[in-house]
Amino acid sequence: LLDASRGNDHEVALRKTARPAVARVSAATAERLGLTTHARIECDGREQVLPVEVVRGMVDDVVWAPLNPGGGRLAALPGTPVTVTAVTINEGAMA
């Protein structure tokens, strides 16, 4: 994963190969939380709004999100509990 870390600042060609940042969840988790196109992930007063990607074989009740996708970091390390909510159609259009 290529993220918005400082080590990539002057690596323009490398950064162009980065995949878009997404929130990865299982189908069961997406259904239970009502996630369709975008999810809001919150922790300690910070949030990220990311497109949702349903991943086959992903563990239920887990969300994978990049630590530093650009535009702000979550205050969370892997394994930290976070709040995940569905984003409304109007909010998703702005993400």
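Residues numbered from 1 in each chain as written. Predicted model: local features only at pLDDT ≥ 70, side-chain atom pairs only at ≥ 80, totals over all residues. Heavy atoms only, no water.

**Student:** Any details on the overall build of the protein chain? Residues and values, ideally.
**Tutor:** Of the regular secondary structure elements, the protein chain holds 3 helices and 4 strands. Going residue by residue from the N terminus, the α and β elements of the protein chain occur as α-β-α-β-β-β-α. Sorting the 95 residues of the protein chain into buried and exposed places 26% on the buried side. For the protein chain, the proportion of contacts with a sequence separation of at least 24, taken over those separated by at least 6, is 67%. (Helix = DSSP H or I, 4+ residues; strand = E, 2+ residues; numbered from the N terminus. Buried < 20%, exposed > 50% of the residue type's maximum accessible area, 1.4 Å probe, protein only. Contact = heavy atoms within 4.5 Å.)

**Student:** Which residues make up the sheet that holds strand β1 (residues 23-25), and what are the values?
**Tutor:** Here we have 4 strands laid out as an open sheet, ordered β1-β3-β2-β4, and mixed in their pairing. The outermost strands of the open sheet, each flanked by one partner alone, are β1 and β4 (83-86). Each neighbouring strand pair of the sheet contributes to a mean axis angle of 40°, computed without reference to strand direction. As judged from the 3 bridges shared by β1 and strand β3 (residues 46-54), these two strands associate in the parallel manner. Each bridged residue has a counterpart across the sheet, and for A23 the counterpart in β3 is V52. (Pairing = 2+ DSSP bridges. Axes fitted to C-alpha atoms, helices over the stretch in contact; angles between N-to-C directions.)

**Student:** Any chance you could break down unusual backbone geometry for me, citing the residues and the numbers?
**Tutor:** Residue D44 is not a glycine yet carries a positive backbone phi of 50°. The topology assignment puts D44 in the loop between β2 (38-43) and β3. D44 sits in the exposed class, given a relative accessible area of 66%. Positive phi, normally seen in glycine, also occurs at D61, with a value near 65°. Of the residues examined, D61 reaches a relative accessible area of 56% and is grouped as exposed.

**Student:** Requested: an account of the nonpolar core, with residues and values cited.
**Tutor:** Grouped together as the largest cluster of nonpolar side chains are 13 residues, with contacts concentrated most on V25, L35, A39, I41, L50, V52 and V84. Elements with a minimum of two residues in this core: β1, β2 and β3. Ranked by residues supplied to this core, first place goes to β2 with 3 residues. Those residues in contact with I41, other than ones at most four positions away along the chain, are A23, R46, E47, Q48, L50, V63, A65, L74, V82, T83 and V84. (Core = buried A, V, L, I, M, F, W, Y, C linked by side-chain atoms within 4.5 Å.)

**Student:** An account of the pairing of β3 is requested, with residue identities and associated values reported.
**Tutor:** Relative to β3, β2 runs antiparallel, the two being bridged by 6 bridges. Each residue of the ladder has a partner; that of E42, found in β3, is E47. Two successive antiparallel strands, β2 and β3, enclose a turn made up of 2 residues, where D44 displays a positive phi of approximately 50°.

**Student:** So what about the pattern of salt bridges? Which residues, and what values?
**Tutor:** Evaluation of the coordinates by the stated rule reveals 3 salt bridges. Linking R24 and E53 is a salt bridge whose minimum nitrogen-to-oxygen distance equals 3.6 Å. Note that R24 is positioned in strand β1 and E53 in strand β3, a separation of 29 residues in sequence. In this structure E53 comes out as partly exposed when scored by relative accessible area, which is 32%. Close ionic contact of R32 with D61 constitutes a salt bridge, the shortest N to O distance being 2.6 Å. (Salt bridge = Lys/Arg side-chain N within 4 Å of Asp/Glu carboxyl O.)

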